[in-house]
Amino acid sequence: MYAFYSLLVYILYTLFKRKGPIEDETGSQLEEGASAQGPGSVSIETMSRRGRDGPHLSVREGVCTGLTDSDSSSSDSEGLCLSEEDDDGDEHLLGDATSPLAEFLSFKQEAVGGRHKEALHGKVQQAMDSPLLSVMSHLLTFLERYSHMQRLQQRAQEYRSQLRVLATQRRKRIKELRAAYRQKLRDKMSVIGNLEGVISEQQSLLEKIQTGGGSLYPLYPVAVLSPLSPHAQGGIHQLVESISSLQRERNTLLDELASLRQEVEQRGSEKQKLASDFQQQIQDLKQSIEEREDELIRLRTETGVTDSEKRILHLTAENESLKQSLSVTQRLLQQLSSIPSQSNTALIKENESLRTRVLQLETSLHLRAEQLSRLERENEQTEWRKREELRRLDDRIQGLQLELEKEKGKEPEIQYISKTVEVESPGTLRSLVKAEERNKQFAEQLSDQSKRCSHLEEQLRGSEEIAAGLRHKIVEYESEIGKLREDLLKEITHLEATKDEAVKEAAECSEQHLDQLREQFTGVQSHLVALQPALRSMKSNYNSLRSQVCNFSQFYEVAVTEAKRQICSVVSEVSEANRDLLEKYRKEVALRRKYHEQLMELKGNIRVLCRVKPVTAEDQQEGSHATVVTTDLDNDSVVTMLHKGRDRTFELDKVFQPQATQEEVFQEIESLVTSCIDGYNVCIFAYGQTGSGKTYTMEGSVENPGINQRALKALFSEIEDRKGIWSYLITVSLVEIYNEVLRDLLSKDPSEKLEIKINPDGSGQLHVPGLRVIEVKSFQHIKKILALGRRNRITHGTKMNQHSSRSHALLTITVTGTDLTSEARTTGKLNLVDLAGSERVWKSGAEGDRLKEAQNINRSLLALGDVIQALRAKQTHVPFRNSRLTYLLQDSLGKGNKTVMVVQISSLESNVGETMCSLKFAQRVCKVELGPASRKIESPSSSDFFS
Ligand SMILES: Nc1ncnc2c1ncn2[C@@H]1O[C@H](COP(=O)(O)OP(=O)(O)OP(=O)(O)O)[C@@H](O)[C@H]1O
């Protein structure tokens, strides 16, 4: 823009200050350009060239397309080479540039319109016709269009931002609507929850009603209900239906109950009727008896009263009084039956139980009725018999009377008859008495039955009253349920109406919003259409840039892959070199170890292996799982432990990783088994604090056996391999040292104390008189022996180990071999020792016997330490006899033996002190020199051993 401005100044200067034709170099250039290209092919250099080329206007052919009035749509396409970055600067400059131009134009117009001075007219006219002016007008048009384009872009920007604002508003509105709907949904759900509660309570109430134990129905606040969703309504409808079905069910049940009650009532009335019939019959019977009696009295008065007659009379009177009392009792019963039952309230509580009770009562009533009918039948029969007797008696009396009448004058006959009567009367009287008695009994039974009947009636009446009360309650509940249902339906319809309104409102609102948005969108769309050309040009720019970027990324990828490849090749070269080095290092270490072992063998020193106990689940449970011991994967001879803030490294013959298996441990000492067969004395013993895994390493478990079993297995398999060349005799003994007492674990009486003595054969060897030595033939046999020994060994639970071995156990396997060709004899001994664990009594919680055991264990281990110290210092006197343990191990720890100590350590921080002690001891043991191992072989010609 600076160029334009300069140009304009220059033009004005030319027009107003200079006279005559424009002879300027630039002007001539323009003239040339204008004549060559015409007005339609004029362009300007980009602003990027502004600084470099200085203020000049050039006409370029084929680089930029022209800006013409007719082709205004393409005015801002390729021909306009202004970059986006320069837009702001241009705008600013344009603002400066357009004002002088406008001045110039107004000046031009005034000149054309004749408003200017006459003196200037000719000059201006000249200038107007000049090609410079035409260029200027073109420039002006261009500038106008450019500013228009700027404005358009600005508006497009504004529209875009408006669009963004509208979109955010729309999103917000949608969010709000969603939240509102969710809230409504939640409300409805809570209403459904409330309704469900109400329904469940109604159901429970219904159940209570059916069982008769319900209390008054509580009224529910239906006002809490609020609009419901269609889904919720469906649920409610279902619930209402289920309630009505329940009610129907309940109604049918009530009907059944009523019919049952009717039946009960009917039966009761029948029973009452029956009872009244019976009573009527009894009354009739009584009446007939009375009549008969009257007649009898009359007869008696007529015939004269005898003794028997007097008795009959007396009995009859008694009978009469009894009957009276019976009737009195019956009356009383009737009166009592009219008194209302006091137990109604208790019966009301459980309708179900009442119903069963009623049924029970019905059945009992039925039974009673049957009994009653049976009794009545019997009574009838008795009555009938009585009547028969009476009738017979009457007949007789009548006959007698007739005879008496006929034979009035015949006194002797009368006397005779009267005598006969006298004789016969007692029998009849007796039968009468009996009948009376039975009658009395029946009457009593009858009264009992009637009592029961009346009791049942009372109960029946009570239950009827309860049933009536319940019926009343049911009616009340029904009306309440009806009311509730109506309320519910009202609420549902109200909710439906509210929901429809809300939905309609939301729909209208969203419609309006949508219309607005649509309008805005069409407006924006039209603006966008107008902006399309500008966008196209931008797009082309963007495409070119994109292609450049793509090319660059391709180039970049190629470069990166190449770099990676180079790095990989370098890394592989380095790692290859490293691997070689590592391999070399390992070989060196192995070689060094081998030479060291050979040297040690020559020196005859004790090999010390170290096994680190892994952190168990129990340790983790106890929370003490912080570890201080580390092993080196690349160097299996060192173990490092953190003690008092600094690392202490111990170098031993072999350090097993915590995860080392039983097999791996055994492989390390397997060769010693062969040595034993060859006639060497071998001793393997496990040393370490209590609970560090000594027994696990030596004995192992059933599924995962330790050194003992594996060594014996290997021994038998080796012997098997030598079969035919050598024959072997294997014997086994197993002892324990408990509280400084030697005990035979294979003995029938393991509590027997044994002593260690020097063998009287003069060999100087140790010997234990009374020790059971068992010859073993197979591995299976030895397994059994080991199991027996394990059973006999003393173990107790301590804080540190649940199955702590409280003794040192020594398994001795003696292998005597005979060379079948030369008859040479070898004798090798394999001592496998599981020492008791050292322990800190305050830690293991040892008290009483445990404390004594611990003290003895620690004392003997101390003696072992002294022996090791003496051996290390090559002292002339080694204090083997200071303890039973060292005394027994004298053979194994002495010169010419092959000895391996497996030191067991715990890696836990809580055991750091004990681990330190064990490792220090192990290192001391490492330095003990036993001298080269000696083989015990006896040639057939000599009875001596050669070593
Ligand atoms: N390497 C191991 N892997 C798995 N469990 C082990 C290991 N070492 C020891 N244990 C377990 O730790 C517990 C204690 O081990 P063990 O009885 O062998 O200790 P100890 O040193 O013989 O103790 P003590 O001296 O009191 O008799 C046992 O339950 C045993 O199974």
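Residues numbered from 1 in each chain as written. Predicted model: local features only at pLDDT ≥ 70, side-chain atom pairs only at ≥ 80, totals over all residues. Heavy atoms only, no water.

Under the annotation held in an unreviewed UniProt entry, the protein carries the name Kinesin-like protein and is attributed to Huso huso. Regarding the protein, the UniProt comment filed under Subcellular location (unreviewed entry) reads as follows: "Cytoplasm, Cytoskeleton". The record held by UniProt for the protein lists under Sequence similarities (unreviewed entry) the comment "Belongs to the TRAFAC class myosin-kinesin ATPase superfamily. Kinesin family." (UniProt positions renumbered as here; feature names shortened; annotations may be inferred.)

Concerning the overall build of the protein
Broken down by element type, the protein carries 21 helices and 18 strands. Residues classed as buried in the protein amount to 38% of the 947 residues present. Contacts spanning at least 24 positions in sequence make up 73% of the contacts within the protein whose residues lie at least 6 apart. (Helix = DSSP H or I, 4+ residues; strand = E, 2+ residues; numbered from the N terminus. Buried < 20%, exposed > 50% of the residue type's maximum accessible area, 1.4 Å probe, protein only. Contact = heavy atoms within 4.5 Å.)

Description of the site of the ligand
For the ligand, the set of nearby residues contains 15 residues, the closest of which are Thr690, Thr695, Tyr696, Ser804 and Ser805. Contact distances for the ligand include 3.2 Å between an oxygen atom and a backbone N or O atom of Ser692. When the free accessible area of the ligand is taken as 630 Å², the share hidden by the protein chains comes to 79%. Secondary-structure elements contributing two or more residues to the shell around the ligand are β1 (607-613), α14 (694-698) and β14 (804-805). Of the residues assigned to the shell around the ligand, the class counts are 2 nonpolar, 10 polar and 3 charged. (Near = heavy atom within 4 Å. Polar contact = N/O pair within 3.5 Å; in protein donor to acceptor, adjacent residues only side chain to side chain. Areas by Shrake-Rupley, 256 points an atom, 1.4 Å probe, with all protein chains shown as cover. Nonpolar A, V, L, I, M, F, W, Y, C, P; charged D, E, K, R; others polar.)

So, the sheet that holds strand β3 (residues 638-643)
Backbone-to-backbone hydrogen bonds join strands into a sheet, with any given pair of strands oriented parallel or antiparallel. Taken in spatial order, the 3 strands line up as β2-β3-β4 in an open sheet, and their pairing is antiparallel. Here the strands that pair on one side only, and so sit at the sheet edges, are β2 (629-631) and β4 (646-651). Neighbour to neighbour, the strand axes of the sheet diverge by 25 degrees on average, direction disregarded. Sheet topology note: the β2/β3 ladder contains 3 bridges and is antiparallel. Residue pairing across strands places Val629 opposite Met641, the latter belonging to β3. (Pairing = 2+ DSSP bridges. Axes fitted to C-alpha atoms, helices over the stretch in contact; angles between N-to-C directions.)

A word on the packing of aromatic side chains
Aromatic ring pairs are described here by two measures, namely the spacing of the ring centres and the angle between the planes. For the structure shown, the criterion picks out 2 aromatic pairs. Where Tyr687 meets Phe921, the ring centres are 4.3 Å apart and the plane angle is 25 degrees; that geometry is what we call stacked. Taken together, the residues span a long stretch of sequence, with Tyr687 in strand β6 (residues 681-688) and Phe921 in helix α21 (residues 912-926) at a distance of 234 residues. You'll find Tyr687 and Phe921 in the same group, each marked buried. Ring geometry for Trp726 and Tyr728: centres 5.9 Å apart, planes at 15 degrees, overall stacked. Positioned above the aromatic ring of Tyr680, the side-chain terminus of Lys898 is 4.6 Å from the ring centre. (Phe/Tyr/Trp six-rings, centres within 6.5 Å; stacked < 30°, edge-to-face > 60°. Lys NZ or Arg CZ within 6 Å of the ring centre and 35° of its normal.)

A look at a nonpolar patch on the surface
Together, Phe552, Phe555 and Tyr556 make up a nonpolar patch on the protein surface, roughly 390 Å² of accessible area in all. Within the secondary structure, Phe552 sits in helix α11 (residues 411-603). (Patch = residues over 30% accessible without salt bridge, like charges linked within 9 Å, V, L, I, M, F, W, Y side chains within 5 Å. Salt bridge = Lys/Arg side-chain N within 4 Å of Asp/Glu carboxyl O.)

Describing the nonpolar core
With 50 residues, the main nonpolar core has Leu652, Phe685, Tyr687, Leu864, Leu893 and Met901 as its most contacted residues. Ignoring sequence-local partners within four residues, the contact set of Leu652 consists of Val608, Cys610, Ser637, Val639, Leu919, Ala922, Gln923 and Cys926. Counting residues in hydrophobic clusters, the runner-up holds 42 residues, among them Val682, Ala714, Phe779 and Val902. (Core = buried A, V, L, I, M, F, W, Y, C linked by side-chain atoms within 4.5 Å.)

Some remarks on helix α13 (residues 662-678)
An ideal rise of 1.5 Å per residue puts 24 Å on 17 residues; α13 measures up with 25 Å between its terminal C-alpha atoms. At Glu668, α13 shows its maximal kink, close to 45 degrees. All buried positions along α13 are accounted for by Gln662, Val665, Phe666, Glu668, Ile669, Leu672, Val673, Ser675, Cys676 and Ile677. Positioned one or two residues after α13, Gly679 has a phi angle of 110 degrees, which is positive. (Expected span 1.5 Å × (residues − 1). Bend = angle between axes of the 7 residues up to and from the residue.)

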